[in-house]
Every structure is written in C-alpha cells, then in structure tokens.
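So the chains spell out like this:
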Amino acid sequence: MTVLKKAMPTNKCPYCAGQGYFQLRLGGSETCSRCSGSGKK
Ligand SMILES: [Zn+2]
C-alpha cells in the first residue's frame, strides 16, 4: 500500500487555506462555502 500524498499547495482553496473551514474567533469553526469543506480549489 503506497501512502504517498503529494502536496499540492496550488490546489488548495485560497479562501480557507486548504483547511476546508474557518476558525472562528469566538470558538468553533465554520465550513468553507467556497470549497464546501473539501479544502480544495
Ligand atoms: Zn475553502
């Protein structure tokens, strides 16, 4: 089983920095509406 993940920073969602969600200051997180939480572009 090959588990080599290729890092593709250019493929990351610029909105949430590839996280798929936003970190809220008040606590908790909100799903990124741009990538629907996938973190991809
Ligand atoms: Zn996003």
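Sequence order as written defines the numbering, with residues in each chain counted from 1. pLDDT decides what is reported in this predicted model: residues at 70 or higher carry local features, side-chain atom pairs at 80 or more are listed and counted, and totals for whole chains, interfaces and linings draw on all residues regardless.

(A) Structural context of the overall build of the protein chain. Per the secondary structure count, the protein chain includes 0 helices and 2 strands. Expressed as lengths along the three principal axes of its C-alpha atoms, the size of the protein chain is roughly 40 × 20 × 15 Å. Residues are called buried when their C-beta atom has 20 or more other C-beta atoms within 10 Å, exposed when it has 12 or fewer, and partly exposed otherwise; all C-beta atoms are positioned from the backbone. In the protein chain, which comprises 41 residues, the proportion classed as buried is 2%. Contact between residues is assigned whenever the C-beta positions, reconstructed from backbone atoms, fall within 7 Å. Residue pairs at least 24 apart in sequence account for 20% of intrachain contacts in the protein chain once pairs closer than 6 positions are excluded. Under the scheme used here, helices are H or I runs from DSSP no shorter than 4 residues and strands are E runs no shorter than 2 residues, and both carry numbers assigned from the N terminus.

(B) Focus on the environment of glycine 18. By secondary structure assignment, the location of glycine 18 is in the segment before strand S1 (21–23). Exposure remark for glycine 18: the 18 C-beta atoms within 10 Å place this residue in the partly exposed category. Once the C-alpha coordinates of glycine 18 and glycine 37 are considered, the two residues, 19 residues apart in sequence, prove to be 8.8 Å apart. Once residues lying within four places of it in the same chain are set aside, the contact partners of glycine 18 are Lys12, Cys13 and Gly39.

(C) Molecular detail of the environment of lysine 12. Along the chain, the position of lysine 12 falls in the segment before S1. Each C-alpha atom of the pair lysine 12 and lysine 40 lies 4.5 Å from the other, and the pair is 28 residues apart in sequence. Apart from the residues within four sequence positions on either side, lysine 12 is in contact with Ala17, Gly18, Gly39, Lys40 and Lys41.

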